[in-house]
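Working through the structure, step by step
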Amino acid sequence: MTNIILLGPPGAGKGTQARHLVENRGMVQLSTGDMLREAQANGSEMGKKVADVIARGELVTDEIVIGLIREKIAEGAEGGFIFDGFPRTLGQADALGDLLAEMGLKLDAVIEMAVDDSALVARITGRSTCGGCGEVYHDQTKPWPADGKCSNCGSTDVKRRADDNEDSLKTRLMEYYKKTSPLLGYYYAKGQLQSVDGLQSMEAVAADIAAALD
Ligand code: AP5
């Protein structure tokens with residue numbers, strides 16, 4: 001069982017690599033972004049409360065995301081957890097350490113996915129996701145199959161996110177540098193940080209992550 005964090009700015013490829021690890025290692029992806037979008041889609045009170053915050057590119061409160069993660073960790077995962085987009089603040093990092101300890105689990109690695117800001121605009125504005133299974137596509141680097149059907153599940157439901165525009169991306173990046181990047185030092189000091197070059201091809205990034213984990 002391996003528990004890891006994928007850490008990086010918006011568009012670094014965290015979701016893409018998390019899905020790869022789920023398929024290849026039987027791990028469970030815990031994406032707080034996906035959980036929050038699901039809450040919005042379900043029309044829950046919490047979902048309504050966070051919709052504008054997410055669309056602007058700001059972070060939702062620690063209390064909300066820690067609550068979401070607590071529930072999922074309690075469900076357990078034989079192959080281990082991939083924390084994707086969590087933690088994003090020092091408070092969340094402390095809470096994750098406590099939650100894992102409560103369950104008798106440990107964090108095995110924190111993988112930083114390093115990508116220049118200049119590459120992120122193109123990645124974010126070209127992204128689409130399958131509404132059926134969550135497969136991630138990109139207009140240039142991984143376009144939808146010509147028949148319009150998701151290669152993974154056959155759905156034709158193409159989704160684009162409300163926060164995938166240049167204005168929201170500026171705020172998301174500011175939030176990342178202000179509140180999330182201090183986690184690099186936090187985990188480095190614990191001897192848990194490893195860095196991969198996220199600018200490489202998806203396959204090369206996956207190979208580097210596999211090497212880091214093995
Ligand atoms: P979240 O959903 O976590 O978004 P994010 O961190 O901004 O990350 P993204 O999902 O945008 O990018 P990614 O790194 O997963 O990249 P992807 O693989 O899709 O959070 C959204 C919002 O929810 C936050 O802004 C906040 O409001 C809230 N939130 C979530 N968690 C929170 C928390 N813990 N605390 C507080 N608030 C929270 O790739 C991007 C594109 O690039 C895709 O099109 C992909 O095909 C392409 N691509 C990927 N890898 C490569 C590659 N190697 N080469 C070329 N293209 C690539």
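Cut-offs used in this document
- Here the residue numbers are simple positions, counted from 1 along each chain's written sequence.
- Local features in this predicted model are restricted to residues whose pLDDT is 70 or higher, and side-chain atom pairs enter the listing and the counts only when it is 80 or higher, whereas totals over whole chains, interfaces and linings include all residues.
- Where side-chain values are given, they derive from all heavy atoms of the structure, hydrogens and water being excluded.
- Helix axes use the C-alpha atoms of the stretch in contact, all axes being lines fitted to C-alpha atoms, and the angles between their N-to-C directions lie in the range 0 to 180 degrees.
- Where helices and strands are cited, they refer to DSSP runs of H or I of at least four residues and of E of at least two residues respectively, numbered from the N terminus.
- If an angle is under 35 degrees, it is roughly parallel; if it is over 145, roughly antiparallel; if it lies from 65 to 115, roughly perpendicular; otherwise it is oblique.
- Rotating anticlockwise by less than a right angle from the far helix to the near helix defines a left-handed crossing, while the corresponding clockwise rotation defines a right-handed one.
- Any pair of residues with heavy atoms lying within 4.5 Å of one another is described as a contacting pair.
- When residues are sorted by character, Ala, Val, Leu, Ile, Met, Phe, Trp, Tyr, Cys and Pro go into the nonpolar class, Asp, Glu, Lys and Arg into the charged class, and all the rest, Gly among them, into the polar class.
- A cutoff of 4 Å decides nearness: a residue is near a molecule or strand if any of its heavy atoms lies inside that distance of it.
- Between N or O atoms, a polar contact is any pair within 3.5 Å; within protein, one atom must be a potential hydrogen donor and the other a potential acceptor, and residues adjacent in sequence are included only when both atoms are from side chains.
- Where accessible areas are quoted, they stem from the Shrake-Rupley method and a 1.4 Å probe; at the residue level, only the protein chains shown are allowed to cover.
- Within 6.5 Å between ring centres, the rings of Phe, Tyr and Trp (the latter by its six-membered ring) count as paired, and their orientation is classed by plane angle as stacked under 30 degrees, edge-to-face over 60, tilted in between.
- Type-normalised accessible area, obtained with a 1.4 Å probe on protein chains alone, sets the label of each residue: buried when under 20%, exposed when over 50%, and partly exposed for intermediate values.
- Think of it as a cone above the ring: NZ of Lys or CZ of Arg counts as a charge over the ring if it is within 6 Å of the ring centre and within 35 degrees of the ring normal.
- Like-charged residues are merged into a patch within 9 Å and nonpolar side chains (Val, Leu, Ile, Met, Phe, Trp, Tyr) within 5 Å, provided each residue has over 30% relative accessible area and no salt bridge.
- We define a salt bridge as a contact between a side-chain nitrogen of Lys or Arg and a carboxyl oxygen of Asp or Glu at a distance within 4 Å.
- The charge count treats Lys and Arg as positive and Asp and Glu as negative. His and the chain ends do not count.
- To locate a charge, take NZ of a lysine, CZ of an arginine, CG of an aspartate or CD of a glutamate.

1. Brief notes about the packing of helix H6 (residues 117–125) against helix H7 (residues 166–180)
- At their nearest, the axes of H6 and H7 sit 11 Å apart, and the two run at 135° to each other. Considering their axes alone, H6 and H7 lie oblique with respect to each other. By crossing handedness, the relation of H6 to H7 is classed as right-handed. Along its contact with H6, which presents Asp117, Leu120, Val121, Ile124 and Thr125, the element H7 presents Glu166, Leu169, Arg172, Leu173 and Tyr177.
- Partitioned by chemical class, the residues of the contact of H6 with H7 number six nonpolar, one polar and three charged.

2. Let's talk about the site of the ligand
- Around the ligand sit 35 residues, and of these Thr16, Glu58, Arg88, Arg127 and Arg172 come closest.
- Here glycine 15 contributes a backbone N or O atom positioned 2.8 Å from an oxygen atom of the ligand.
- For the ligand, an oxygen atom lies 2.5 Å from a polar atom in the side chain of arginine 88.
- Coverage of the ligand by the protein amounts to 96% of the 1,000 Å² it exposes when considered alone.
- Mapped by element, the contributors of at least two residues to the shell around the ligand are helix H1 (14–25), helix H2 (32–41), H6 and strand E6 (136–138).
- Taken together, the residues of the shell around the ligand sort by class into 13 nonpolar, 13 polar and nine charged.

3. Quick look at the side chain of histidine 138
- Within the secondary structure, histidine 138 sits in strand E6.
- For histidine 138, the side chain forms a polar contact with the main-chain nitrogen of threonine 141, separated by 3.2 Å.
- Those residues in contact with histidine 138 that sit more than four places away from it in its chain are Ala122, Arg123, Gly126, Arg127 and Pro143.

4. Things to note about the packing of aromatic side chains
- Counted under the stated rule, the structure contains four aromatic pairs.
- When the centroid spacing of 5.3 Å and the interplanar angle of 80° are considered together, the rings of tyrosine 176 and tyrosine 177 count as edge-to-face.
- Judged by relative accessible area, tyrosine 176 falls into the buried class, the value being 7%.
- The exposure class assigned to tyrosine 177 is partly exposed, which follows from its relative accessible area of 41%.
- Look at tyrosine 186 and tyrosine 187: their rings are 4.8 Å apart centre to centre, the planes differ by 85°, and that puts the pair in the edge-to-face class.
- Judged by its relative accessible area of 2%, tyrosine 187 is buried.
- Seen from the ring of tyrosine 137, lysine 142 lies directly overhead, with NZ or CZ sitting 5.2 Å from the centre.

5. Observations concerning a negative patch on the surface
- A cluster of acidic residues, Asp116, Asp117, Asp197 and Asp208, forms a negative patch on the protein surface.
- Considering the arrangement of structural elements, one finds aspartate 116 in the loop between strand E4 (109–114) and H6.
- The exposure class of aspartate 116 is partly exposed, given its relative accessible area of 46%.

6. Observations regarding the pattern of salt bridges
- Across all of its chains, the model carries 14 salt bridges by this definition.
- Linking aspartate 164 and arginine 127 is a salt bridge whose minimum nitrogen-to-oxygen distance equals 2.8 Å. Within this pair, whereas aspartate 164 is found in the loop between strand E7 (158–159) and H7, its partner arginine 127 is found in strand E5 (residues 127–130), the two being separated by 37 residues in sequence.
- With relative accessibility at 13%, the residue aspartate 164 sits in the buried group.
- Three or more residues are tied together by salt bridges with common partners; here these are Arg127, Arg161, Asp163, Asp164 and Arg172.

The quantities given are spatial measurements derived from coordinates; they are silent on function.
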